Amino acid sequence: MAAVYLKLNTEMSQMQGFGFPLMEYDCFSLRMSSPPHSFRGVFFFPTCPIQSPWLNLSKKPQTISRNFQFSIRLKYSSCSLDAIESNGTGLSPVRLQDGFQKTPCKLWNSNRPKGNRVPETSEKKKLWKGLDLDSKERLRRYSGMLRTCAAKGALREGKAIHGQVIKSGIDPDSHLWNSLVNVYAKCGSSKYASKVFGEIPDRDVVSWTALIAGFVAEGYGSGAVNLFSEMRKEGVGANEFTYATALKACSMCLDLEFGKQVHAEVIKVGDFSDLFVGSALVDLYAKGGEMVLAERVFLCMPEQNPVSWNALLNGFAQMGDAEKVLDLFCRMTGSEINFSKFTLSIVLKGCANSGNLRAGQMVHSLAVRIGCELDEFISCCLVDMYSKNGLAGDALKVFATIEDPDVVSWSAIITCLNQNGQSREAAEVFKRMRHSGVVPNQFTLASLVSAATDLGDLYYGESIHACVCKYGLEYDNTVCNALITMYMKTGSVQDGFQVFKLTTNRDLISWNALLSGFHDNETCDIGLRIFSQMLVEGFNPNMYTFISILRSCSSLADVGFGKQLHAQIVKNSLDGNDFVGTALVDMYAKSRFLEDAETIFNRLIKKDLFVWTVIVAGYALNGQGEKAMKCLIQMQRECVKPNEFTLASSLSGCSSIATLDSGRQLHSLAIKGGQSGDMFFASALVDMYAKCGCVEDAEVVFDGLVFRDTISWNTMICGYSQHGQGGKALKAFEVMLEEGTVPDEVTFIGVLSACSHMGLIEEGKKHFNSLSKIYGITPTIEHYACMVDILGSAGKFDEVESFIEEMKLTSNVMIWENVLGACKTHGNVEFGERAAMKLLELEPEIDSNYILLSNIYAAKGMWNDVTNVRALMSTRGVKKEPGCSWVEVNGQVHVFLSHDGSHPKIREIHLKLQDLHHKLMSFGYTPNTDHVLHHVSDREKQELLFYHSERLALAFALLSTSTRKTIRIFKNLRICGDCHDFMKSISELTNQELVVRDINCFHHFKNGSCSCHNFW
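Residues numbered from 1 in each chain as written. Predicted model: local features only at pLDDT ≥ 70, side-chain atom pairs only at ≥ 80, totals over all residues. Heavy atoms only, no water.

J.: I'd like to hear about the overall build of the chain, residue by residue, with values.
T.: Counting secondary structure elements, the chain contains 51 helices and eight strands. Here the contacts in the chain between residues at least 6 apart in sequence split such that 65% fall between residues at least 24 apart. On the chain, roughly 48,400 Å² of surface is accessible, and the fraction owed to carbon and sulfur atoms is 51%. (Helix = DSSP H or I, 4+ residues; strand = E, 2+ residues; numbered from the N terminus. Contact = heavy atoms within 4.5 Å. Areas by Shrake-Rupley, 256 points an atom, 1.4 Å probe, with all protein chains shown as cover.)

Structure, rendered in structure tokens:
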């Protein structure tokens, strides 16, 4: 009958060891006897590359039924089968021996002789002479040739033999069936092995084992496990080879539970003593992290081979237990087992994972001694070991010994350099790699993208992205995740988001990389939405996800969402993780929930430098400088050395409570630790000295900076302004511009404040206008408030009113506070009343607004209105904040309230004040009772002035200080006019320099004058 069958190609290739030439076939039509029924439908070679149906098994195990495995079959009618199509598999055609001609189909068909046989030339007769044997001998010969193909991995030759079997019309026995399954399985074609397997009438353990082994060889562990299950369901008993293969499949997909079931069956049937089964069990438990079970199985084996030793070593190496790895290795070398270079690579991996450099160097010496140090595989392991121990130089020396490094070696050294902070060197090595002609793979490019991230070099990162596209790796997950991270951390958020959208197989790492770009104040709210979308899409957050999203909450100070995250963290059993705990401490501290931050901090088992820095910064941020300093001291007691960020945060705490001695100790600690040159620390140091009243020391530190950025300039300019040195502030601004430093919003707050203190109206206007016109900065409410202060301090209330209306500032608290202060200075009752009414409407709970209005009335003798304001305060439950001053003496801060008698030395303090008062009276000093805004007698007014908190602090400091050291007093309110005059007189009387910082500015009293020039 007519059948689509085989045509000999015009040439044949002789395959060594088979005893006869092998042929590749094209399809053409000819007549012949029908092939055996058992072969019909076995072959179907498509004309395009085939993807294995088992590819998804590793992602999601599924039960494989017989119908599913062998559903792709051919139905035949007049055609018996489709054979190998010419060039259909994408393989290049095989040349046939001389003497054969490739005849076109129409010529072959038209000239073919009658009958079912192809005309035979003399060569063909010779070809088939060896095959003219009886059926059993032919089956044996075919099976032997298929075994040879399987051993050599010769898939094409195996297919050719399969085709010859079909042509011969022979009925295969079980051995030939198994040989066919075996050749396809071992040649990496599990699809065809499955199709042949499906046609076997009686499948035995050998055929099942061959197919399972094929799946394992191709990496389809889950599929192999399911096949083993199917075999047992069909009642086929397993042998030791089947068990060993099934256990290897379990270790590939880390299916420990199924592996334990197989282990139980192995014990039941008595195959546990088999060496291969035992080694497979050790490997399974080692890869699954069950090292106790792995070692127990290993010790119970009747004998151990290098495979079982290596499996156990590899398990401990993965766990990072270098001590155990070395102990086992010593035991192995002491036995009769010969170790291989693979054994050395495992020991090196253990040394790398545990950071045991000394052991790694010993193994390196051993490799040199046995002469395998130049082996590329060992060299790569040595590069990795030195890399993870931070010795990039030694890793480079090892790499230099590799004669012809391949892509794995190049990738290893590039990764090594990148991980050791030598990103530029990694880029240089990549140049050499390209010049050598080696094509990078996804790991090479991912490491280079990471190097670009560490360098912060967006341009270089984009050039590597171009290489990624050039080599067709733009959809690789490892590369995509590295690119997303690079774009996010270099501020190119849109590009990172585009890469994320184009990533076809997003995983949790992809989402975490995307979240890493939304930590700053401008975009952190987007991070919360991305996190919610990630949950909707079914991804479970891990440690890195929570750390990232908690940072977004910290920037937002969104404690509500942060508490929801905290609940999720507890639910996911991550509350004991120190890294997540640190992120929680940071979130609660920045949200001003310090009690919660302290609770989590105290629960942490391991407190590293980072978490100490977070809690210190939290205290400093919330104005609890004393706790910040106590925390720093406790940190040092626990042998944790502070870094520049810890010290800078501690300096901020000193600045908030103006503890100069503590600040100076921190300065000394930084010098001792070599951190004083750090830009971040130096800026904090300038700020601390300025806020503690030592503007000269701040100036010295600032002048000593090698590099001055915008932040350090801002700190110095604002420091000058606060100390009433407006001229120096404006001069510093000019120098800043001359040096090419670009000012920002904070710079102009300092400049405008300087203009206000100096009464420079026109210059203030000029700088305000330059904000948007020259520097492209949109003025903030702080800049508008400075302009109101400049105009108000000069008494230009008409301009103030026009400015407020023009800029639409009528609903802002800061604006009206400056207006009210100016009205108090100039006694403008009408405008002051309007400003106060607006403030009482916007923030009725603030006491200073009532006090300022009351003082305006009192200064004008409007006592009824004073009474009404104070009654309104009482009705609304608003209490006046008491005047408070503090002074640091001998490293200890002493606090005083007005008319306070609680200090242990209050009697001596009062006596000292009386003595000072009598001396000043003899010099002509008279108390200015106009500053007492109470409707009482002059004598009572003098008594009220006499015990103000700053005077108590001054008397105590004079009592406690023997040298003429500058006395620095800090007050929470504005210093009154009479106390201001008193301080000037005392500085002249005692020849003592005094510094008083009130709520507005610093007052430097020296030789009877003040730095504010009576303008504050």
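J.: Which residues make up the nonpolar core, and what values do they have?
T.: Grouped together as the largest cluster of nonpolar side chains are 248 residues, with contacts concentrated most on Phe228, Ile413, Ile615 and Val819. Not counting chain neighbours up to four residues away, the residues in contact with Val819 comprise Val788, Val800, Ile804, Phe831 and Ala835. Within the second largest apolar cluster, 30 residues are counted, among which are Leu954, Ile975, Cys976 and Phe1005. (Core = buried A, V, L, I, M, F, W, Y, C linked by side-chain atoms within 4.5 Å. Buried < 20%, exposed > 50% of the residue type's maximum accessible area, 1.4 Å probe, protein only.)

J.: Could you give me a rundown of the packing of helix H26 (residues 508-515) against helix H28 (residues 543-556), with the residues and numbers involved?
T.: Here H26 crosses H28 at 15°, and the two axes come no closer than 9 Å. For the element pair H26 / H28, the angle class is roughly parallel. For the crossing formed where H26 meets H28, the hand is left-handed. When H26 is examined against H28, the residues Leu508, Asn512 and Leu515 are found in contact with a partner set consisting of Tyr544, Thr545, Ser548 and Ile549. Tallied by class, the residues present in the contact of H26 with H28 amount to four nonpolar, three polar and no charged. (Axes fitted to C-alpha atoms, helices over the stretch in contact; angles between N-to-C directions. Parallel < 35°, antiparallel > 145°, perpendicular 65-115°, else oblique. Left-handed = near helix turned anticlockwise from the far one by under 90°. Nonpolar A, V, L, I, M, F, W, Y, C, P; charged D, E, K, R; others polar.)

J.: Run through unusual backbone geometry, naming residues and quoting values.
T.: In this structure, Ser573 is a non-glycine residue whose phi angle is positive, near 60°. Position of Ser573 relative to the elements: it lies in the loop between helix H29 (559-571) and helix H30 (578-590). Relative accessible area serves as the criterion here: at 61%, Ser573 is assigned to the exposed category. A positive phi angle, near 55°, is found at Asn991, a position not held by glycine. Tracing the chain through its elements places Asn991 in the loop between helix H51 (977-990) and strand S6 (994-997). For Asn991, a relative accessible area of 45% corresponds to the partly exposed category.

J.: Give a description of the packing of helix H35 (residues 660-673) against helix H36 (residues 679-691) that names residues and reports values.
T.: As a packed pair, H35 and H36 sit with axes 10 Å apart at the nearest point and diverge in direction by 155°. Relative to H36, H35 is oriented roughly antiparallel. With respect to the hand of their crossing, H35 and H36 are arranged in left-handed fashion. Packed against H35, whose contacting residues are Leu660, Gly663, Arg664, Leu666, His667 and Ala670, the element H36 presents Phe681, Leu685, Met688 and Tyr689 at the interface. Of the residues in the contact of H35 with H36, the class split is seven nonpolar, two polar and one charged.

J.: Give me the pattern of salt bridges: which residues, what numbers.
T.: For the structure on display, the rule yields 21 salt bridges. One salt bridge in this structure joins Arg708 and Asp703, with 4.0 Å as the shortest N-O distance. Counted as one network, the salt bridges with shared partners bring together Asp703, Arg708 and Glu739. (Salt bridge = Lys/Arg side-chain N within 4 Å of Asp/Glu carboxyl O.)

J.: Tell me what's going on with helix H39 (residues 726-738), and back it up with residues and numbers.
T.: Its 13 residues place the ends of H39 19 Å apart at the C-alpha level, agreeing with the 18 Å of an ideal helix rising 1.5 Å per residue. Where the residues of H39 are buried, they touch helix H38 (710-722), helix H40 (745-758) and helix H41 (761-773). Positive backbone phi, approximately 85°, marks Gly740, located one or two places after H39. (Expected span 1.5 Å × (residues − 1).)

J.: Give a detailed account of the sheet that holds S6, specifying residues and quantitative values.
T.: Strand order in the open sheet made by the six strands is S4-S3-S5-S6-S7-S8, with mixed pairing throughout. Two strands in the sheet have a free side with no partner beyond their single neighbour: strand S4 (892-897) and strand S8 (1009-1010). With four bridges joining them, S6 and strand S7 (residues 1002-1006) adopt antiparallel strand pairing. Bridging from a neighbouring strand, Arg997 pairs with Phe1002 of S7. (Pairing = 2+ DSSP bridges.)

J.: Tell me what's going on with the packing of aromatic side chains, and back it up with residues and numbers.
T.: Following the criterion strictly, the structure yields 25 aromatic pairs and no others. Residues Phe500 and Trp511 carry aromatic rings whose centres are separated by 4.9 Å and whose planes lie at 75° to one another, so their mutual orientation is edge-to-face. With Phe500 in helix H25 (residues 493-502) and Trp511 in helix H26, this pair connects stretches of sequence that are eleven residues apart. Take Phe500 and Trp511: they sit in the same class, and that class is buried. Judged by centre distance (6.0 Å) and plane angle (55°), the rings of Tyr784 and Phe803 are tilted. Within this pair, whereas Tyr784 is found in helix H42 (residues 781-793), its partner Phe803 is found in helix H43 (residues 797-807), the two being separated by 19 residues in sequence. An aromatic cluster is present here, built from Phe497, Phe500, Trp511 and Phe539 joined pairwise through their rings. (Phe/Tyr/Trp six-rings, centres within 6.5 Å; stacked < 30°, edge-to-face > 60°.)

J.: Describe the pairing of strand S5 (residues 967-971), and please don't skip the residues or the numbers.
T.: For a regular strand, side chains alternate in direction, first toward one face of the sheet and then toward the other. Extensive coverage of S5 is indicated by the burial of five of its five residues. Along S5, one buried face is formed by Ile967, Ile969 and Lys971 and the opposite face, lined by Arg968 and Phe970, is buried too. Sheet topology note: the strand S3 (residues 884-889)/S5 ladder contains three bridges and is antiparallel. In the strand pairing of S5, Val887 is matched with Ile969. Bridge count between S5 and S6: four bridges; the pairing is parallel. If you follow Ile969 over to S6, its bridge partner there is Val996. Note on the crossover from S5 through H51 to S6: the handedness is right-handed. (Right-handed = clockwise from strand over helix to strand, strands pointing away.)

J.: Account for the state of the cysteines, naming residues and giving values.
T.: Under the defined criterion, the tally for this structure stands at zero disulfides. This cysteine, Cys692, is not joined by any disulfide, and Cys654 carries the nearest cysteine sulfur, 6.8 Å off. Counting only cysteine sulfurs, Cys1012 is the nearest neighbor of Cys1010, a cysteine outside any disulfide, at a range of 3.4 Å. The exposure class assigned to Cys1010 is buried, which follows from its relative accessible area of 8%. (Disulfide = S-S within 2.5 Å.)

J.: Describe the environment of Phe430, listing the residues and the values that go with them.
T.: In this structure, Phe430 sits in helix H21 (residues 423-435). In this structure Phe430 comes out as buried when scored by relative accessible area, which is 5%. Those residues within four positions of Phe430 in sequence are excluded, and the remaining contacts are Ile414, Pro440, Thr444, Leu445, Leu448, Tyr460 and Ile464.

J.: Could you give me a rundown of the pairing of S4, with the residues and numbers involved?
T.: Pairing of S3 with S4, which is carried by six bridges, proceeds in the antiparallel orientation. Bridge pairing in S4 places Val889 opposite Gln892. Two successive antiparallel strands, S3 and S4, enclose a turn made up of two residues, where Asn890 displays a positive phi of approximately 55°.

J.: Lay out the side chain of Ser987 in plain terms, naming residues and giving numbers.
T.: Looking at where Ser987 falls in the secondary structure, it is placed in helix H51. A distance of 3.1 Å separates a polar side-chain atom of Ser987 from the backbone nitrogen of Gly1008. Each residue touching Ser987, except ones within four places of it in the same chain, is listed here: Gln992, Leu994, Phe1005, Lys1006, Asn1007, Gly1008 and Ser1009. (Polar contact = N/O pair within 3.5 Å; in protein donor to acceptor, adjacent residues only side chain to side chain.)

J.: Before we move on, could you go through the environment of Asn540 and cite the residues and values that matter?
T.: Relative to the helices and strands, Asn540 resides in the loop between helix H27 (524-536) and H28. Classification of Asn540 as exposed rests on a relative accessible area of 61%. As for Asn540 and Asn572, which are separated by 32 residues in sequence, their C-alpha atoms are 9.2 Å apart.

J.: Let's hear about the side chain of Thr582: which residues, and what values?
T.: Following the sequence through the fold, Thr582 ends up in helix H30. Those residues within four positions of Thr582 in sequence are excluded, and the remaining contacts are Leu604, Phe610, Val611 and Val614.

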